[in-house]
Amino acid sequence: MNNNITSKEKELNETLKKLVVARIEANMSSTLKLSIGSDGSLTKSQMIEHVMGGDNIGERIIQTHLNFMRAQATGQLTTALNTV
Amino acid sequence: MKKGLIITLPQSDDVTEYLAVFSKSITDECEKRAIKFHELKREKANKKEFETSLKSYDYNFVILNGHGEENRITGHQNKTIIKKGENNHILNKRITYARSCWAAAGLGGCYSRDKTSCFIGYNIPFMFLMDITRATNPIKDKIAEIFFETSNRLPIGIIKGQTTNQANSNSKKAMLKGIKKALSRGDKDSQAIAEILWNNYSGQVLLGNKEMTL
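The model shown is predicted, which means the values in this text are computed figures rather than measured ones. (Residues numbered from 1 in each chain as written. Chains lettered and ligands numbered in written order. Predicted model: local features only at pLDDT ≥ 70, side-chain atom pairs only at ≥ 80, totals over all residues.)

Visitor: Is there a simple way to explain the overall build of chain A in this structure?
Guide: The secondary structure content of chain A amounts to 4 helices and 2 strands. Relative to the compact-globule value of 12 Å for 84 residues, chain A shows a C-alpha radius of gyration of 15 Å, a clear excess of over 25%. Dimensions of chain A, computed from C-alpha atoms along their principal axes, come out at roughly 50 × 30 × 25 Å. Relative to its 84 residues, chain A shows a buried fraction of 25%. By sequence separation, contacts in chain A at least 24 residues apart represent 35% of the contacts at least 6 residues apart. (Helix = DSSP H or I, 4+ residues; strand = E, 2+ residues; numbered from the N terminus. Rg over C-alpha atoms; globule rule 2.2 N^0.38 Å. Buried ≥ 20, exposed ≤ 12 C-beta atoms within 10 Å, placed from the backbone. Contact = placed C-beta atoms within 7 Å.)

Following this line, the structure appears as structure tokens:
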């Protein structure tokens, strides 16, 4: 049972990584770098490497994408944008 | 305590270089309004200089540009300038704006119930995008400018006489306007710009006294 959950979680995690990589590929020019504090500034390919590698920086990048997607899906973003 | 600003401007990597370059509009505003300020540039952005300057100038507004973690903020070459439980008491009774990652989550917590101090910072990493074709001349980087113009609204608002709450709110509104503008433009980088602005919008928090002014 636990093995099942773990494998499903792993599968979900891999899907999430692929989704974020696809978003980075589609939505960011190669001339841009992302500054993420003391972790330095990352090129598009470095961002993708961190996401696929699943390290702390990759997790942070995934989290940033998820937060934005969640805000879009829940209407939080629209509500906030309607205030300005 | 005197009316004025102390600002740290480390420049030891490309991130702190950008933070320093885009802070010029903050000190320009001080000059315009004849508000005294003291800059701790490059090597001078260290713990000893910071503590000594704060003690001697005794200005009531502090801006910390640098890398951060929950309990500390660094200066030049990533050396600690302020640490929770060690020297954070020197920020007491002042307005502090920390443009650094995470600091509001730990260090800022010291001020959450403090009615005599105000700490504004980020409880997640402060992020920005930069155009690598402008890396040798950051001030011409129109992409990075979007993130700094919106976060600079906060200290500039305080310098203009707004309360900490008004300045924070205006800065966050500017971030939302930036998201709107980026999304309506709909070019290749729009989504990335909107995402990072949303990150900074969500993570920018005010702790302590909301009605403090310079």
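Visitor: Even after reading the chapter, I still don't get helix H4 (residues 142-159) of chain B, so can you show me in this structure?
Guide: Helical geometry: 3.6 residues make up each α-helical turn, so side chains three or four residues apart lie on a common side. Residue and element names in this part refer to chain B. For H4, built from 18 residues, the straight-helix expectation of 26 Å at 1.5 Å per residue is met to within 8% by its first-to-last C-alpha distance of 24 Å. Arginine 153 marks where H4 bends most, by close to 35°; the proline proline 155 follows one to four residues later. Of all 18 residues in H4, 16 are buried, a share of seventy percent or more. (Expected span 1.5 Å × (residues − 1). Bend = angle between axes of the 7 residues up to and from the residue.)

Visitor: Honestly, the sheet that holds strand S10 (residues 204-208) of chain B in this entry has me stumped. Any pointers?
Guide: Strand pairing in a sheet relies on backbone hydrogen bonds, with the paired strands running either antiparallel or parallel. All names here are of chain B. Read across the open sheet, the 6 strands follow the order S2-S1-S3-S7-S8-S10; overall the sheet is mixed. At either margin of the open sheet sits one strand with a lone partner, and together these are strand S2 (37-41) and S10. Taking each pair of neighbouring strands and ignoring which way they run, the sheet shows an average axis angle of 15°. Across 5 bridges, strand S1 (residues 2-9) lies against S2 in parallel orientation. What sits directly across from leucine 9, in S2, is lysine 41. Strands strand S3 (59-65), strand S7 (95-99) and strand S8 (118-122) of the sheet are contacted by H4, whose axis makes an angle of about 165° with S7. (Pairing = 2+ DSSP bridges. Axes fitted to C-alpha atoms, helices over the stretch in contact; angles between N-to-C directions.)

Visitor: Mind showing me how you'd approach the nonpolar core here?
Guide: The nonpolar side chains of a soluble globular protein tend to be buried, and buried together. If you look at the biggest cluster of nonpolar residues, it comprises 80 residues, and the most contacted ones within it are B:Leu129, B:Ala144 and B:Leu197. Look past the residues within four positions of B:Ala144 in its chain and what remains in contact with it is B:Tyr18, B:Phe22, B:Phe128, B:Leu129, B:Met130, B:Asp131 and B:Pro138. (Core = buried A, V, L, I, M, F, W, Y, C linked by C-beta atoms within 7 Å.)

Visitor: Is there a simple way to think about the interface of chain B and chain A in this case?
Guide: In many analyses, interface size is given as the accessible surface area lost on bringing the parts together. On the side of chain A, 24 residues touch chain B, which itself brings 31 residues to the contact. At the level of secondary structure, the elements contributing two or more residues to the side of chain B that touches chain A comprise helix H1 (14-21), strand S9 (128-131), helix H5 (164-185) and helix H6 (190-203) of chain B. Class assignment for the residues of the side of chain B that touches chain A results in 15 nonpolar, 7 polar and 9 charged. Across 4 bridges, strand S1 (residues 32-35) of chain A lies against S9(B) in antiparallel orientation. Within S9(B), the position partnered with A:Lys33 by the bridge is B:Met130. (Nonpolar A, V, L, I, M, F, W, Y, C, P; charged D, E, K, R; others polar.)

Visitor: I'm lost on the packing of helix H2 (residues 44-53) of chain A against helix H3 (residues 56-74) of chain A in this one. Help?
Guide: Residues and elements named next belong to chain A. Contact geometry for H2 and H3: axes closest at 7 Å, N-to-C directions at 100°. Relative to H3, the element H2 is oriented roughly perpendicular. Judged by residue contacts, Met47, His50, Val51 and Gly53 of H2 engage Ile57, Gly58, Ile61 and Ile62 from H3. Looking at the contact of H2 with H3, its residues break down into 5 nonpolar, 3 polar and no charged. (Parallel < 35°, antiparallel > 145°, perpendicular 65-115°, else oblique.)

Visitor: Where do I start with the sheet that holds strand S6 (residues 80-83) of chain B in this structure?
Guide: Judged by pairing direction, the sheet is antiparallel, and its 3 strands sit side by side in the order S4-S5-S6 (chain B) without closing on themselves. The sheet is open, and its two edges are formed by strand S4 (68-69) and S6 of chain B, each paired on a single side.

Visitor: When you look at the pairing of S1(A) in this model, what are you seeing that I'm missing?
Guide: Put simply, side chains in a regular strand alternate between the two faces of the sheet. All names here are of chain A. On S1, burial covers both faces: Leu32 and Leu34 on one face and Lys33 and Ser35 on the other are all buried. Where S1 lies against strand S2 (residues 41-43), 3 bridges are found, and the strand directions are antiparallel. Paired with lysine 33 across the bridge in S2 is threonine 43. Hairpin remark: S1 followed by S2, antiparallel, with 5 residues in the connecting loop; positive phi at glycine 37, about 65°.

Visitor: It is not clear to me how the environment of B:Tyr111 should be interpreted in this structure. Could you clarify?
Guide: All names here are of chain B. Looking at the secondary structure, you find tyrosine 111 in the loop between S7 and S8. For tyrosine 111, a count of 24 C-beta atoms within 10 Å translates into the label buried. Note: C-alpha distance between tyrosine 111 and phenylalanine 22 (89 residues apart in sequence) is 27 Å. Setting aside residues up to four positions removed in sequence, tyrosine 111 forms contacts with Ser117, Cys118, Phe119, Leu207 and Gly208.

Visitor: Honestly, the environment of B:Ile143 in this entry has me stumped. Any pointers?
Guide: Locating B:Ile143 in the fold gives a position in helix H4. Assessed through the 21 C-beta atoms surrounding it within 10 Å, B:Ile143 is described here as buried. With 15 residues separating them in the primary sequence, B:Ile143 and B:Phe128 have C-alpha atoms 8.6 Å apart. Each residue touching B:Ile143, except ones within four places of it in the same chain, is listed here: A:Leu32, B:Leu129, B:Met130 and B:Asp131.

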